[in-house]
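Residues per chain, in single letters:
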Amino acid sequence: MRSDDSRLHHTIAQAASALAASPFSIALTGAGLSTESGLPDFRSPGGLWGEYDPMEVATLSAFRRTPEKFYDFYRQRLARLAAAAPNAGHQALAQLEASGRLGAIITQNVDGLHQAAGSRQVIELHGNLREAACPQCQWTGPIRLITEALEAGTLPACPKCGARVKPNVVLFEELLPQEAYQQAEGACRRAGALLVVGSSLQVTPAAWLPQVAHQHGARVIIVNDEPTPLDHIAHIVLRGRAGAILPPLVAALRDA
Ligand code: NAD
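Rules and cut-offs
Residues numbered from 1 in each chain as written. Predicted model: local features only at pLDDT ≥ 70, side-chain atom pairs only at ≥ 80, totals over all residues. Heavy atoms only, no water. Near = heavy atom within 4 Å. Polar contact = N/O pair within 3.5 Å; in protein donor to acceptor, adjacent residues only side chain to side chain. Areas by Shrake-Rupley, 256 points an atom, 1.4 Å probe, with all protein chains shown as cover. Nonpolar A, V, L, I, M, F, W, Y, C, P; charged D, E, K, R; others polar. Domains from an automatic or database assignment. Helix = DSSP H or I, 4+ residues; strand = E, 2+ residues; numbered from the N terminus. Contact = heavy atoms within 4.5 Å. Pairing = 2+ DSSP bridges. Axes fitted to C-alpha atoms, helices over the stretch in contact; angles between N-to-C directions.

Turning our eyes to something else, we now look at the site of the ligand. Surveying the vicinity of the ligand reveals 28 residues, the closest of which are Arg43, His126, Val170, Ser200 and Asp225. Between the ligand and the protein, one listed contact pairs a nitrogen atom with a backbone N or O atom of glycine 32 at 3.3 Å. Within the contact set of the ligand, an oxygen atom lies 2.8 Å away from a backbone nitrogen or oxygen of glutamine 108. Taken by itself the ligand offers 850 Å² of open surface, and the protein chains cover 97% of this. A class-by-class count of the residues in the shell around the ligand yields 10 nonpolar, 12 polar and 6 charged. Of the residues that make up the shell around the ligand, three or more belong to each of domain 1 (1-39 + 86-126 + 176-256) and domain 2 (40-83 + 129-169).

If you want it as structure tokens, here you go:
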């Protein structure tokens, strides 16, 4: 075994011990977890913000001012999502929950791949791409309303009030769903261990959560393929691909 491999193996064993010692463990996931499912993240090289300007496609003002550009972005995201399936990282987290080792997953992802992998306790901080939502009258319904309108070359309209609808995701300039954030924060206060996977930890308020958990005594474990601004508060940092690290971590926990 090369020394890098043996160091990684040792660090995975340490992470497994920290999770095994915690009566209530949770995970916080970001777009990096889904890159191995073929969905680009935002900020990595090759990420969505290399191709699109977030101010033009991810803000409430962009949705209102230039809906064609906004929907061009979502047409592409929805098409990619239709072809995506959970990867080994999602599956490992679902197994952790099924074995009673993970109490909840807080996710910034809107792709629904945790649920597709079988995870049940999923707190979605940034909404989801399963639903369409009307910012005017608060109607929500299936995302099909949007995909069908785009396929027909029109912009989707609310069946209740006629205003333009958007995917039920949180845009910049919008507040997070307060109930979901409070649930997430409560879980971070209670957690003995927090496993952070595939997030640059650059977008608040989600990026505050590891600090909340840390301040309340949790051991923070960060799995990411590049450094994050919160590595200094982590008990353990595992540098690499989630799909390569999470399955051996789950296997090590089985033996712990
Ligand atoms: P991010 O793109 O900022 O970070 C992803 C991180 O994962 C990067 O540090 C990358 O190095 C790492 N990574 C990539 N592939 C990996 C892999 N296979 N294994 C391990 N690490 C991997 O994504 P984020 O942190 O989730 O961004 C924050 C959130 O902000 C997003 O999830 C999104 O919900 C939200 N956001 C929303 C909008 C919007 O349209 N409303 C726009 C921008 C961001």
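Moving on: the environment of lysine 166. When you line up the elements, lysine 166 lands in strand β6 (residues 166-169). Here the alpha-carbon distance between lysine 166 and isoleucine 146, two residues 20 residues apart in the chain, equals 7.6 Å. Beyond its immediate stretch of four places on either side in the chain, lysine 166 contacts Phe63, Phe70, Tyr71, Glu131, Ala132, Ala133, Pro135, Ile146, Leu171 and Glu174.

A few words on the sheet that holds strand β8 (residues 219-224). Two modes of strand pairing occur in sheets, parallel and antiparallel, and in both the strands are linked by backbone hydrogen bonds. Within the open sheet, the 6 strands sit side by side as β3-β2-β1-β7-β8-β9. Their pairing is parallel. Both outer strands of the open sheet, β3 (122-124) and β9 (236-239), are each paired with one neighbouring strand and no more. Neighbour-to-neighbour, the strand axes of this sheet turn through a mean angle of 15 degrees, independent of strand direction. Bridge count for strand β7 (residues 193-197) against β8 is 5 bridges, and the pairing is parallel.

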